[in-house]
Amino acid sequence: MASYKSELKKLIEELEKKGERLEALISLGNSLKDEERRLPMSFNGFLNIASRDPRHVFRNVFQLFYDMVHHYVPSIDKKEAIEREPIGFVNYDCRNLFEKDCDDPFFADRLFTNRFMKLVNDIKQATQNNRIFLFEGPPGSGKSTFLNILLRKLEEYTLISEGSLYETHWRLDIERLGGFRRFERELHKIASETGDKELVEKLITTQKVADDLPKRYLEFSCPNHDHPILQIPKSYRKQFLDELIIDKKFKEELYSKKEYEWVFKDIPCSICNSVYDVLIDIVGEPLEILNMINARKMKFSRQFGEGISVFNPGDPIISEAITSPKFQSMLNDILKREDVTYIYSFLAKTNNGVLALMDIKENNIQRLMNLHGLISDGVHKVGYIEERIKTLFVGLINPADKKHYESEPSFRDRVITVSVPYVLDYNTEVFIYKNKFGTSLENKFLPNVLENVAKIIIATRLNVDNNSIKNWLKYPSKYSKYTDEDFLILKMELYSGTIPDWLSEEDKKNLGKSIKKEILETSEHEGKSGISGRQSLYIFNSFLNKYSKTGRLIRMDNVFSFYSQYPDLKTHLPENFIKSLVDQYDYDILQVLREAIYYFNKKQIERDIKNYLYSINFEKNTKVKCIYTNDIIEVNEDYFKNFEAIFLGATSTIMMRESFRNEVQTEYVSKTLTIEMQVENKKIEHTKQFKKLYDKYVNSLKENALMPYKDNENFRMAIRDYETPAYRTYDERIKRDVKHFLDNLVRKFKYTLEGAKEISLYAIDKNLPDKF
């Protein structure tokens, strides 16, 4: 019995496993079926969808490309985003587009994503039609990875309902065109005219026979991927769409925006045109012809060159036209004439699609030149027939290969180059390291050290001529402790979307739109030389092999020792750059330590700010009672000086303080009081101005937070002995301060305890409070 139960249990388990496998197989089949299904729909069904969702239906490849990108990149209000960003360019989140589900991801920095998103918008608006877009970058910049991902994501997007692009699919009724239906119609006519009962009986019999016959069709999709709406004659389209489309807002866009001009101006391909003309002669009724037109989802398949064709330099040139003698014979038999010539070029397969040239070398040089006339005019000859092509032409090019088209001025005007440089944002370079060496990579480093490794590499890709920055800063020399003499460190911070806190308030204020634009425009000419992405990974791997197995966290002095002596870097970096980077690292560390040691009285700071904001509205040498705190304030120059010195420094002049005071008072009256408090009903401590003053106040107090411990040897030794038996011997205040200090480094700044102790001793031994 026990053996029988055991066997039965095994059988049940096996059946359950088979059931699971079968269920998984059915699920897979359903998924594949949903993805691959491209069943034609009737023209009437297509118009029904067009009426309900015209924005989705009336798209060409340029609009589809725009929608695809925004499907993966979250939508944002560009104007608001620019206002929020201190540097003036948007932090687009392109991870879903370039990184998610990618075996070999492309890491795009802010500079590139802003350039790319502008291009996407220009393509949609049809301001750059009749152009080829060449993505230009040096070897190792990742441009091939970028384009391959872009094409793959486009192909994937077209598989879902949101990515549908419709094409014409003909469904020719063989019986109808063969004459049977014409005989039936004539019979109807005679019967109605003569009233002959015998004829009526024959008609009824004929009708029954016709109904019993299986329908036979000749089906084929337009090889040029014509949009179904193009099959309605141009002269009738506007009136027809006016009656069809309910959405008034979209209808206004349809009639006025350049991106929709194709709906009213484009004509069908020669094959569809010829079929329509022949059908008019045979059938005579346009509505019957429309009943033979179906709409079908256009297929995008890079593998088969449908919708997407990618040509590598070694691929042979295609020159012969595409025909099908068997299909041509079938058409001739059905239509009883030879007026439809079934012929098209390989370019038709990507009409309303994408054609890509991977590097302008070898055969792709000739391909590019062959496209000159087609890109300019949108039409070329296939035999004796004109073929119109509207394709999104893209390609990759190295700077040295631009010579192949620059000698042709007329063609040069048709080429839009989009820079794909080496990465210029050190945060993005860090992501590349993590992708290659594992997400736990930063656990091998003290905080901020890995970012500085990336800054060394980025610096090799930047130009040292930074006049725009030097002209912006009023006294550039005063920043020698914080940045290098060529301001590459400052530029890298700006490129990452950060304005360093060590810049003076005056220089921050002077960073206006024109200066930002000038600085960002310089990025167009950077990242074309220096250490490539591949070289960077090779160097970094050598660095890791040397320092990651020591059992200690990698420190900044390790970085200095290795990278300052690396031969390939010496030729690309300005002298003393890495030393300046260490200085900047020291400054950043000092700010972290000040934040960690700092105790502050939040209520007192808030009280001081409220009193100041109220008192600046009164004449000097008066006594006022603050409505926010009920404090009595002696409003005089000394009162203002003591408060304003916290923000401007003890050496600030009367002119500087009065300018600061006037700005604060203007903002208080025009925005804080009249809008935020009176209109939006905010409390004063919740206003933007209050929060801004509070942050500056706190930062100023932090500047001196370490001074009491600067020469305190007990404080240093207590840090060294923390969590050892010797720590118990220190007095309670020192132990309290050290614990608070180290706990904050661990909790707020992601240091390990050992790392926190190490960086604290580093700062004390280098006497960083005196250095800055």
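Residues numbered from 1 in each chain as written. Predicted model: local features only at pLDDT ≥ 70, side-chain atom pairs only at ≥ 80, totals over all residues. Heavy atoms only, no water.

**Quick word on the overall build of the protein**
The helix and strand inventory of the protein stands at 39 helices and 15 strands. Of all 772 residues assigned to the protein, the portion counted as buried reaches 48%. For the protein, the exposed surface amounts to about 39,800 Å²; the carbon and sulfur share of it is 50%. (Helix = DSSP H or I, 4+ residues; strand = E, 2+ residues; numbered from the N terminus. Buried < 20%, exposed > 50% of the residue type's maximum accessible area, 1.4 Å probe, protein only. Areas by Shrake-Rupley, 256 points an atom, 1.4 Å probe, with all protein chains shown as cover.)

**Details of the packing of aromatic side chains**
Summed over the entire model, instances satisfying the criterion amount to 44 aromatic pairs. Pairing Y585 with Y762 gives two aromatic rings, centres 6.2 Å apart and planes at 65°, and the pair type is edge-to-face. In this pair, Y585 sits in helix α31 (residues 577-597) while Y762 sits in helix α38 (residues 753-765), placing the two residues 177 residues apart along the sequence. A relative accessible area of 21% means that Y762 is categorised as partly exposed. On the basis of an interplanar angle of 50° and a centroid distance of 6.3 Å, the ring pair of Y727 and Y730 is categorised as tilted. Y730 shares its class with Y727; the two are buried. Sitting over the face of the ring of Y66, K124 holds its NZ or CZ atom 4.7 Å from the ring centroid. One Lys or Arg, K238, reaches over the ring of Y255 and ends 4.9 Å from the middle of that ring. (Phe/Tyr/Trp six-rings, centres within 6.5 Å; stacked < 30°, edge-to-face > 60°. Lys NZ or Arg CZ within 6 Å of the ring centre and 35° of its normal.)

**A short note on the sheet that holds strand β12 (residues 392-397)**
Strands sit in the order β6-β9-β12-β2-β13 across an open sheet of five strands; the sheet is parallel. Edge positions in the open sheet fall to β6 (308-311) and β13 (415-419), since each of these has one partner strand only. Each strand of the sheet is rotated relative to its neighbour by a mean of 20°, with strand direction disregarded. Two strands pair when backbone bridges link them, and strand β2 (residues 132-136) and β12 are joined in this way by five bridges, in the parallel orientation. Pairing of F133 across the sheet is with V394, part of β12. Relative to the sheet, helix α8 (residues 143-157) contacts β2, β6, β9 (354-357) and β12, its axis offset from that of β12 by approximately 155°. (Pairing = 2+ DSSP bridges. Axes fitted to C-alpha atoms, helices over the stretch in contact; angles between N-to-C directions. Contact = heavy atoms within 4.5 Å.)

**Brief notes about the pattern of salt bridges**
A full pass over the atoms with the stated rule returns 50 salt bridges. Notably, a salt bridge pairs E259 with K124, separated by 3.4 Å at the nearest N-O pair. Of the two residues, E259 sits in the loop between α13 (248-256) and α14 (261-265) while K124 sits in helix α7 (residues 110-124), which places them 135 residues apart along the sequence. What makes E259 buried here is its relative accessible area of 6%. On the accessibility criterion, K124 (18% relative accessible area) is buried. (Salt bridge = Lys/Arg side-chain N within 4 Å of Asp/Glu carboxyl O.)

**Notes on the sheet that holds strand β4 (residues 217-221)**
Across the sheet, four strands lie side by side as β1-β5-β3-β4; this open sheet has antiparallel pairing. With partners counted over all chains shown, the strands left at the sheet margins are β1 (41-42) and β4, one partner each. Examined bridge by bridge, strand β3 (residues 166-173) and β4 share five bridges and lie antiparallel to one another. From the neighbouring strand, L172 faces β4, where its bridge partner is L218. Running over the sheet, helix α15 (residues 270-283) touches β3 and β4 and is turned about 35° from β3.

**Digging into the packing of helix α29 (residues 556-563) against α31**
Their axes nearest at 10 Å, the elements α29 and α31 cross at an angle of 170°. Between α29 and α31, the crossing angle belongs to the class labelled roughly antiparallel. Contacts between α29 and α31 involve M556, F560 and Y563 from the first element and I578, K579, L581, V582 and Y585 from the second. By residue class, the composition of the contact of α29 with α31 is seven nonpolar, no polar and one charged. (Parallel < 35°, antiparallel > 145°, perpendicular 65-115°, else oblique. Nonpolar A, V, L, I, M, F, W, Y, C, P; charged D, E, K, R; others polar.)

**A closer look at helix α33 (residues 637-648)**
Structurally, the α-helix is built with 3.6 residues per turn, so residues lying three or four positions apart point the same way. Of the positions making up α33, those classed as buried are F640, F643, E644 and F647. Seen from one end, α33 has its buried residues packed into an arc of 95°, which puts them on one side. Among the exposed residues of α33, those oriented more than 90 degrees off its buried face are D638 and N642. Where the residues of α33 are buried, they touch α32 (602-615), β15 (632-635), α34 (654-677) and α35 (688-702). Here α33 starts with a cap whose side-chain oxygen sits 3.2 Å from the backbone nitrogen of D638, and that cap is N636. (Arc of directions from axis to C-beta. Polar contact = N/O pair within 3.5 Å; in protein donor to acceptor, adjacent residues only side chain to side chain.)

**Considerations on the nonpolar core**
With 111 residues, the main nonpolar core has F445, W472, F540, F543, Y563, F577 and L745 as its most contacted residues. It is α31 that contributes the most residues to this core, twelve residues altogether. When near neighbours in sequence (up to four residues on either side) are disregarded, F543 contacts F445, V453, I554, N558, V559, F562 and Y563. With 49 residues, the next largest nonpolar core counts L47, L177, I271 and L290 among its residues. (Core = buried A, V, L, I, M, F, W, Y, C linked by side-chain atoms within 4.5 Å.)

**So, unusual backbone geometry**
Unusually for a residue other than glycine, F487 sits at a positive phi of about 60°. With respect to the secondary-structure elements, F487 resides in the loop between α24 (467-472) and α25 (488-495). With a relative accessible area of 5%, F487 lands in the buried category. Even without a glycine there, the phi angle at N767 is positive, about 55°. The residue N767 is located in the loop between α38 and α39 (768-771) in this model. The exposure class of N767 is partly exposed, given its relative accessible area of 30%.

**Looking at the side chain of R716**
Here R716 lies in helix α36 (residues 713-720). If sequence neighbours within four positions are ignored, R716 has contacts with L761, I764 and D765.

**Notes on the packing of helix α22 (residues 426-437) against helix α23 (residues 449-459)**
The contact between α22 and α23 brings their axes to 8 Å, and the two run at 110°. In terms of orientation, α22 lies roughly perpendicular with respect to α23. Both α22 and α23 take part in a crossing whose hand is right-handed. Between α22 and α23, the residues in contact are Y426, E429, V430 and Y433 and L450, E451, V453, A454, K455, I457 and I458, respectively. In the contact of α22 with α23, the residues fall into eight nonpolar, no polar and three charged. (Left-handed = near helix turned anticlockwise from the far one by under 90°.)

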